[in-house]
Structures are given as C-alpha cells and as structure tokens.
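# A structural walkthrough
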Amino acid sequence: VYARVSPVHKIRIVDLWQKKSKVVAMTGDGVNDAPALKKADIGVAMGITGTEVSKDAASMILADDNFATIVKSVANGRCIYGNIKNAIKFLLAGNTAAIIVVLITTLFNLPLPFTPVHLLFINLLTDSLPALALSMEPMQPGIMNEKPRPSNESILNKEASVYIAVHSVLIAISTMIAFMIGKGASSDPAVSAAMASTMAFGTLCLARLFEGFDSRGKFSLAKLGFTSNKFSILAFLVGAGFLACALLITPLHGIMDVSDALEITNILQILGLAVIPFAVTQVLRMIKEAVSKK
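Residues numbered from 1 in each chain as written. Predicted model: local features only at pLDDT ≥ 70, side-chain atom pairs only at ≥ 80, totals over all residues. Heavy atoms only, no water.

Counting residues in hydrophobic clusters, the biggest one holds 38 residues, and the most contacted among them are Phe 201 and Leu 206. Top element by residues in this core is helix H7 (residues 189-214). It accounts for 12 residues. When neighbours within four sequence positions are excluded, Leu 206 is seen to be in contact with Phe 236, Leu 243, Ile 270, Leu 271 and Ala 274. Of all hydrophobic cores here, the second largest spans eight residues; its members include Val 14, Ala 34, Leu 37 and Ala 57. (Core = buried A, V, L, I, M, F, W, Y, C linked by side-chain atoms within 4.5 Å. Buried < 20%, exposed > 50% of the residue type's maximum accessible area, 1.4 Å probe, protein only. Helix = DSSP H or I, 4+ residues; strand = E, 2+ residues; numbered from the N terminus. Contact = heavy atoms within 4.5 Å.)

Shown next, in the form of structure tokens:
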C-alpha cells in the first residue's frame, strides 16, 4: 500500500509491480491520477469527490468514497465467479457421466441407456434446477483468504478439471451398475432393455440431483451448512418429486419410456446407487477438513 505519492511516481509504481507479475489496484480522484488509474489492473475512482477524468479512466467507481467498499466488491466478485464456476463444473460432470455411459454401451453393443425423452427430462430438470440454485450460493468460508487468481487463468483450471473427471467417473460407474442390474432383471430382451434404460435413467437423474449439493463448494456440507442455500434443497426436492412421478405413476410410464416391470426393490437400488458418489465425496471432504484442523 502506497499513499501520499507524487504524480510522477504513481505510474512508475504501478508499472514496476506489474513487471513483477502482481495484480495492481490504484485508487485516485484527481486528473493527475488518470494515467495510473488507466494502467493499473483495477483502477478505482472516487464517485463523490472524483473528477470526471479519473472516473472515465477507472474500471470501478466508489459511489460512497468508502475504501471498505473495495473489500466488499472483491468478496462479492469472488462469490459470483465461484458460483458460475461451480455451476459449470456441475453441468460438465453430469453430462460427461452420461456421455461415458452411452460410449460404454455403444462399444459393447448393449441397449441404449437413455431415450430422447429421458435426455429431455435430464436437461430440463436435473440440469437446470440445481444449476440455478448454485447461482444463489452464499459466500464461501474464508473466501478473502484466497490469493488472487491469475487474470489469464482458464475457468477450467486443474482443480476444476480434476473435479469434473472424478465426479463424472463416479456417477458413470453408479449408472452403469444400475444399467446392468436392470438388464439382468428379465430373460425377455425387450423387457431387459426397457428395465436397463429405466434403471440407468433413474440413477443418473438422482445422482445429478445429489451432485447439486456436492457442487456448492469445495467444503463438506457440514462446514457449508446444509440449509445455508435453501434454493439447493428446493431444487433437489422438485427434481426428485418429478422423477418419483415419472417412475412411480403408471400412466406416465408410456410418456417417459419407463418400464412397467419396475418394482420398489428397483427404486431402492436406484436410490442406493445414486447416493454413492455424493457420500464418497462428502466423507473424503470431512476427512480432509478434520486433518487440516490438526
């Protein structure tokens, strides 16, 4: 932090720190601050006492001239960026899992795991509802303790890529197990194919709804607070409710391409397999948090 700096030195200080690969913020209100405000990574002008020249050169204007607002802005910006990133990870992990399942069934000449109406249901409900809920996630614990990310860093960095890979594989494994259970439910090829598709559809949908909780942040729900984002709970309940209607209400079976051979035992199998990726992730996160405390 530099203060009471002469105009000739302001732009030199900004330039030197940028040459050291640092993220530089510059605050100012006068005409002579404009060059440094323009050159800095983030120029912050005063909204009340600032000149029009400084406001035009800045990237951000403090409407209340309060420096504490800068800290709040950074926190809000990190929260919004994090929520966008979490929504992208959620969508890519779930869709990649579906692609893996389709690829495996195609390679081994198995029946198709999903029908068009299944994919439509997944996109409209199990994709959109949790993703919208993630945009309402409150600020993560310790968000201001994190270092600034590089301005050229991709949103799909190493951490995000590992998350997508691990979660997509876990969901794909659960879905494939459900598919094979359904395929072995009958000796009739038509019934077997229908049951396999139904089991895979139900497991993938429910696993993605649980994934909505996992994608809320890098901490366990015990640390984030299960009820801190009520929209995620609502998204899960609405999605699970529609899925239950599709699986349990017989008149809807024809519309949703659900097998009439589906039994309560199969519903319990879907529930058990769908919760496995969520449970594994939460247990690992709680172990990591417990170790970090020590």
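For the rest of this paragraph, the subject is the side chain of Asp 214. Here Asp 214 shows up in helix H7. Here Asp 214 is buried and forms no salt bridge, its nearest opposite-charge partner Arg 285 lying at an N-O distance of 4.1 Å. Among the polar contacts made by the side chain of Asp 214, one reaches the side chain of Gln 282 at a distance of 2.7 Å. Those residues within four positions of Asp 214 in sequence are excluded, and the remaining contacts are Tyr 163, His 167, Pro 277, Phe 278, Thr 281, Gln 282 and Arg 285. (Lys, Arg positive; Asp, Glu negative; His and termini not counted. Salt bridge = Lys/Arg side-chain N within 4 Å of Asp/Glu carboxyl O. Polar contact = N/O pair within 3.5 Å; in protein donor to acceptor, adjacent residues only side chain to side chain.)

Before going further, it helps to spend a moment on the sheet that holds strand E2 (residues 42-46). Strand order across the open sheet formed by three strands is E1-E2-E3, with parallel pairing between neighbours. Among the strands making up the open sheet, the edge pair consists of strand E1 (25-28) and strand E3 (60-62). Strand after strand, the sheet turns through a mean of 25° between neighbouring axes, direction not considered. Alignment of E2 against E3, held across three bridges, turns out to be parallel. Residue pairing for E3: Met 46 is matched across the bridge by Leu 62. The sheet contacts of helix H4 (residues 68-107) involve E1, E2 and E3, and relative to E3 the element is tilted by about 135°. (Pairing = 2+ DSSP bridges. Axes fitted to C-alpha atoms, helices over the stretch in contact; angles between N-to-C directions.)

What follows covers the pairing of E2. In regular strands, side chains alternate between the two faces of the sheet. The element E2 is extensively covered by neighbouring structure, given that four of its five residues are classed as buried. Two strands pair when backbone bridges link them, and E1 and E2 are joined in this way by four bridges, in the parallel orientation. Bridge pairing in E2 places Gly 28 opposite Ala 45. Handedness of the β-α-β unit built from E1, helix H2 (residues 34-39) and E2 comes out right-handed. In terms of handedness, the path from E2 via helix H3 (residues 52-57) over to E3 forms a crossover that is right-handed. (Right-handed = clockwise from strand over helix to strand, strands pointing away.)

What follows covers the packing of H7 against helix H9 (residues 230-248). Contact geometry for H7 and H9: axes closest at 9 Å, N-to-C directions at 170°. In terms of axis orientation, H7 runs roughly antiparallel to H9. Mapping the contact onto sequence places Thr 198, Phe 201, Gly 202, Cys 205, Leu 206, Leu 209, Phe 210 and Phe 213 in H7 and Ser 232, Ile 233, Ala 235, Phe 236, Gly 239, Ala 240, Leu 243 and Leu 247 in H9. Partitioned by chemical class, the residues of the contact of H7 with H9 number 12 nonpolar, four polar and no charged. (Parallel < 35°, antiparallel > 145°, perpendicular 65-115°, else oblique. Nonpolar A, V, L, I, M, F, W, Y, C, P; charged D, E, K, R; others polar.)

Moving on to H4. In an α-helix there are 3.6 residues to a turn, and that puts residues three or four apart on one side. Helix length check: H4 (40 residues) gives 58 Å between terminal C-alpha atoms against 58 Å at 1.5 Å per residue, within 8%. Positive phi shows up at Asn 109, right after H4, with a value of about 55°. (Expected span 1.5 Å × (residues − 1).)

Take a nonpolar patch on the surface next. A cluster of nonpolar side chains, Ile 276, Val 280, Val 283, Leu 284, Met 286, Ile 287 and Val 291, forms an exposed patch at the surface whose accessible area comes to about 600 Å². As for its position among the elements, Leu 284 is in helix H11 (residues 264-293). (Patch = residues over 30% accessible without salt bridge, like charges linked within 9 Å, V, L, I, M, F, W, Y side chains within 5 Å. Areas by Shrake-Rupley, 256 points an atom, 1.4 Å probe, with all protein chains shown as cover.)

Below, the discussion takes up the environment of Ala 133. Secondary-structure assignment places Ala 133 in helix H5 (residues 116-134). Residues Ala 133 and Pro 150, spaced 17 residues apart in sequence, show a C-alpha to C-alpha distance of 27 Å. Beyond its immediate stretch of four places on either side in the chain, Ala 133 contacts Asn 229, Phe 231, Ser 232 and Ala 235.

In this section: the packing of H4 against H7. Angle between the axes and distance between the axes are the two parameters that describe a pair of packed helices. Remark: H4 packs on H7, axes separated minimally by 10 Å, with the N-to-C direction vectors making an angle of 160°. In terms of orientation, H4 and H7 fall into the roughly antiparallel class. Regarding H4 and H7, the two cross each other, and that crossing is right-handed. Residues Phe 90, Leu 91, Ala 93, Gly 94, Asn 95, Ala 97 and Ala 98 of H4 form the contact with H7, whose own contacting residues are Leu 204, Arg 208, Glu 211 and Gly 212. Considering only residue class, the contact of H4 with H7 consists of six nonpolar, three polar and two charged. (Left-handed = near helix turned anticlockwise from the far one by under 90°.)

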